[in-house]
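# Examining the three-dimensional arrangement
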Amino acid sequence: HYGSPPGAPRFAWDQVAAAFAFYERKGCDAVGFLSHHTDRRNPRPPAFSHLSRITVVNSNDRERDNDDRFLLQFCKEHQCSFVSNDNFRGWEERLAAEDAAFLQRCRNDFHVNYVFVDGGFVPDRPHVVWSANEDDDDADADGLEAMSVKA
């Protein structure tokens, strides 16, 4: 990472691939959000197998971590879980009341933290599926759950 001391771990694209593969095996349609800062410091490898599933979020001078905003908005629109070791501290004050309530629900129920053990992706909770009411127009019509992976 930018500003990390010499010898500190670098961004590991093989770990991002492992997270994508894990959720694909679970039948999820995974997408990723990558900050332009991370992309600049650790460019996406041209041969990365999930390249088309990752979106680089452009910078915003008013908001240094706007990739978080896009991740949260995507999860709200698609009613999906999100995979990130970010705690999203301070976001409640920056979001509209409705979105802050959504963040609180997601943080408690659908936010997946993770570690890597011997190169394998290990989430802190089992595969999470949103429950949709029959009259819920926001439920995914195709039956697939989208997973957002913050790269």
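Residues numbered from 1 in each chain as written. Predicted model: local features only at pLDDT ≥ 70, side-chain atom pairs only at ≥ 80, totals over all residues. Heavy atoms only, no water.

## Things to note about the overall build of the protein chain
Of the regular secondary structure elements, the protein chain holds 5 helices and 7 strands. Walking the protein chain from its N terminus toward its C terminus, one meets helices and strands in the order α-β-α-β-α-β-α-α-β-β-β-β. Evaluated residue by residue, the protein chain yields a buried proportion of 40% over its 151 residues. For the protein chain, the share of sequence-separated contacts (at least 6 apart) that also reach a separation of at least 24 residues comes to 58%. (Helix = DSSP H or I, 4+ residues; strand = E, 2+ residues; numbered from the N terminus. Buried < 20%, exposed > 50% of the residue type's maximum accessible area, 1.4 Å probe, protein only. Contact = heavy atoms within 4.5 Å.)

## Observations regarding the packing of aromatic side chains
One pass over the full model with this rule turns up 9 aromatic pairs. With a centroid separation of 5.6 Å and 65 degrees between ring planes, the pair formed by Y23 and F121 is classed as edge-to-face. Of the two residues, Y23 is situated in helix α1 (residues 13-25) and F121 in strand β6 (residues 120-123); the sequence distance between them amounts to 98 residues. An identical accessibility class is assigned to Y23 and F121; each is buried. Here the aromatic rings of Y114 and F116 are separated by 5.6 Å at their centres, their planes lie at 75 degrees, and the arrangement is edge-to-face. A relative accessible area of 21% means that Y114 is categorised as partly exposed. Accessibility expressed as a relative area gives 23% for F116, which makes it partly exposed. Sitting over the face of the ring of W91, R94 holds its NZ or CZ atom 3.8 Å from the ring centroid. (Phe/Tyr/Trp six-rings, centres within 6.5 Å; stacked < 30°, edge-to-face > 60°. Lys NZ or Arg CZ within 6 Å of the ring centre and 35° of its normal.)

## Notes on helix α3 (residues 66-78)
When the terminal C-alpha atoms of α3 are compared, their 18 Å separation across 13 residues agrees well with the 18 Å that a helix rising 1.5 Å per residue should span. Every buried residue of α3 is listed here: N66, D67, D68, L71, L72, F74 and C75. Two residues or fewer past α3, Q79 is found with a positive phi of approximately 50 degrees. (Expected span 1.5 Å × (residues − 1).)

## Details of the pairing of strand β1 (residues 29-35)
The element β1 is extensively covered by neighbouring structure, given that 6 of its 7 residues are classed as buried. Sheet topology places β1 next to strand β2 (residues 54-57); 4 bridges connect them, and they run parallel. By the bridge assignment, L34 is partnered in β2 with V56. In this view, the connection linking β1 to its parallel neighbour β2 by way of helix α2 (residues 36-41) has right-handed handedness. (Pairing = 2+ DSSP bridges. Right-handed = clockwise from strand over helix to strand, strands pointing away.)

## Let's talk about the pattern of salt bridges
Opposite charge on two side chains makes pairing possible when the charged atoms of those side chains draw close. Under the criterion given, the structure shown has 6 salt bridges. Across the pair E98 and K76 runs a salt bridge, and its minimum N-O distance is 2.7 Å. Residue E98 is found in helix α5 (residues 97-109), and its partner K76 is found in helix α3; the two are separated by 22 residues along the sequence. Residue classification places K76 among the partly exposed positions, given a relative accessible area of 22%. Here R125 and D124 are joined by a salt bridge, their closest N and O atoms 3.8 Å apart. (Salt bridge = Lys/Arg side-chain N within 4 Å of Asp/Glu carboxyl O.)

## Describing the nonpolar core
Counting 16 residues, the largest nonpolar core has F82 and F88 as the members making the most contacts within it. Of all elements in the fold, only β1, α3 and α5 reach the threshold of two or more residues within this core. If we ignore the near neighbours within four places in the chain, the residues touching F88 are D68, L71, L72, F82, L103, R107 and H111. Of all hydrophobic cores here, the second largest spans 9 residues; its members include V16, A17, F48 and I54. (Core = buried A, V, L, I, M, F, W, Y, C linked by side-chain atoms within 4.5 Å.)

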